[in-house]
Amino acid sequence: MKRRDFLKKLAKAGFVVSATGALPLLDLSKAEAETTPYPLAVAAEGSPAELTREALRKLGGMGAFVKDGDSVVVKPNIGWDRTPEEGANTHPEVVRELVMMALDAGAAEVRVFDRTCNDPRRCYKRSGIEDAIDSIDDSRAKITHVDELRYEVVEIRDGISLTKWPLYRPALEADVLINAPVVKHHGMSEITIGMKNLMGVMGGNRGRLHRDLTDGLVDLSLAVKSHLTVVDATRVLLAGGPLGGGTGNVKKVGKVGASRDVVTADAWGATMFGVDPFSIPHIKRAHERGLGIADLSKVKIL
């Protein structure tokens, strides 16, 4: 995509481009934040791939999100040099199934990537996600490493803690962004699911966000729209996150949840730890700021 076409697309999506053309501004008012309760689909029997397909079936299938010719990004957690059994990354079968379903729905291209914390080559390989995508016999399915030259500084007009940041252009350019986090413990945010998974599209020194994770994660979700969040709770890392190590703290749960609302998805993921979603600061704050619905009593659960 040429730069001028990219900037035009940003404008149509609600961005305001500066006079220099160098700084797209996200114009997202509080009135436009996600406040409509969207259904939450939960699948609880089957393999990771079967759970993924069943959860999406309950939401009307992938065709309810992806149309013919769409460019799609599937953003899993591939941040850590860990095997699927260790629960630090999204299960490769969940990621593969999402890509396959998007292709079946007519996607022109499906990209998979993450800005990893450990060595990217080892993370992609050891997580099993690289091999899972490579096994798809379709040139439209691509797993790529992030390109440091493809970040675009974005100013977030309603941001409180995060007011501007370099974000990964392929994530902003996509017609559909599928957020595919794993549920796990995190030493700083207590739990990491969908909102925190979006840190994988941030450039720069992401450690700065940890100074105010509560509002920073909400700001990030304002800037990067998750059109669909599919939560991998096939196994859950209960302690020692986000890196983990070994399987001693990993519990087999065997569930996948999905929603249009990243806050609802995260709230459901939090229940895998047996806690009230409102006890998790960034989930509570996202609800308060109108990003989405964390009160699962107001959500239709399929």
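These numbers were taken from a predicted model, which means no experiment stands behind them. Residue positions are given per chain, counted from 1 along the sequence in the order it is written. Local features in this predicted model are restricted to residues whose pLDDT is 70 or higher, and side-chain atom pairs enter the listing and the counts only when it is 80 or higher, whereas totals over whole chains, interfaces and linings include all residues. Side-chain calculation: all heavy atoms of the structure are included, whereas hydrogens and water are not.

Asker: Describe the environment of V42, with residues and values.
Answerer: Mapped onto the elements, V42 comes out in strand 3 (residues 41-43). The spacing of V42 and V231 is 189 residues in sequence and 9.4 Å in space, taken between C-alpha atoms. The helix count covers DSSP runs of H or I at least four residues long, the strand count covers runs of E at least two residues long, and both are numbered beginning at the N terminus.

Asker: Lay out the packing of helix 2 (residues 48-58) against helix 3 (residues 92-104) with the relevant residues and their values.
Answerer: Axis angles are defined between N-to-C directions and span 0 to 180 degrees, where every axis is a line fitted to C-alpha atoms and, for a helix, only to the segment in contact. At a closest axis distance of 8 Å, the pairing of helix 2 and helix 3 adopts a crossing angle of 45 degrees. On the basis of their axis angle, the class for helix 2 and helix 3 is oblique. The handedness of the crossing between helix 2 and helix 3 is right-handed. Between helix 2, through P48, A49, T52, R53 and L56, and helix 3, the contact on the second element is made entirely by E93, V94, E97, L98, M101 and D104. Throughout this entry, Asp, Glu, Lys and Arg are counted as charged residues, while Ala, Val, Leu, Ile, Met, Phe, Trp, Tyr, Cys and Pro are counted as nonpolar. The remaining residues, Gly among them, count as polar. Among the residues making up the contact of helix 2 with helix 3, the classes are represented as six nonpolar, one polar and four charged. The labels follow the angle: roughly parallel below 35 degrees, roughly antiparallel above 145, roughly perpendicular from 65 to 115, and oblique for the rest. Crossing chirality is assigned from the near helix's rotation relative to the far helix, an anticlockwise turn below a right angle marking it left-handed and a clockwise turn marking it right-handed. Whether two residues are in contact is decided by their heavy atoms, any of which lying within 4.5 Å being enough.

Asker: Requested: an account of the nonpolar core, with residues and values cited.
Answerer: What makes a nonpolar core is a set of buried Ala, Val, Leu, Ile, Met, Phe, Trp, Tyr and Cys residues whose side-chain atoms join them at distances within 4.5 Å. Relative accessibility thresholds used throughout: buried, under 20% of the residue-type maximum; exposed, over 50%; partly exposed, between the two (1.4 Å probe, protein chains only). Judged by nonpolar contacts, the single largest core of 85 residues is most densely connected at M62 and V74. Sorting elements by how many residues they give to this core places helix 3 first, with seven residues. Excluding residues within four positions of it along the chain, M62 makes contact with L56, L98, M101, A102, A105, I178 and L228.

Asker: Would you mind going over unusual backbone geometry in detail, with residue names and values included?
Answerer: Residues G241 and P242 are joined by a peptide bond in cis, for which omega reads 10 degrees. Structurally, P242 is set in the loop between strand 12 (228-237) and strand 13 (250-259). Look at E190: it is not a glycine, yet its phi comes out positive at around 75 degrees. In this fold, E190 is placed in strand 11 (residues 190-192).

Asker: Before we move on, could you go through the packing of helix 8 (residues 213-223) against helix 10 (residues 281-288) and cite the residues and values that matter?
Answerer: One can describe the packing of helix 8 onto helix 10 by two numbers: an axis separation of 8 Å at closest approach and a directional angle of 55 degrees. Judged by the angle between their axes, helix 8 and helix 10 are oblique. The element helix 8 and its partner helix 10 pack so that their crossing is right-handed. On helix 10, the residues that touch L213, T214, D215, L217 and V218 of helix 8 are P281, H282, R285 and A286. Here the residues of the contact of helix 8 with helix 10 sort into five nonpolar, two polar and two charged.

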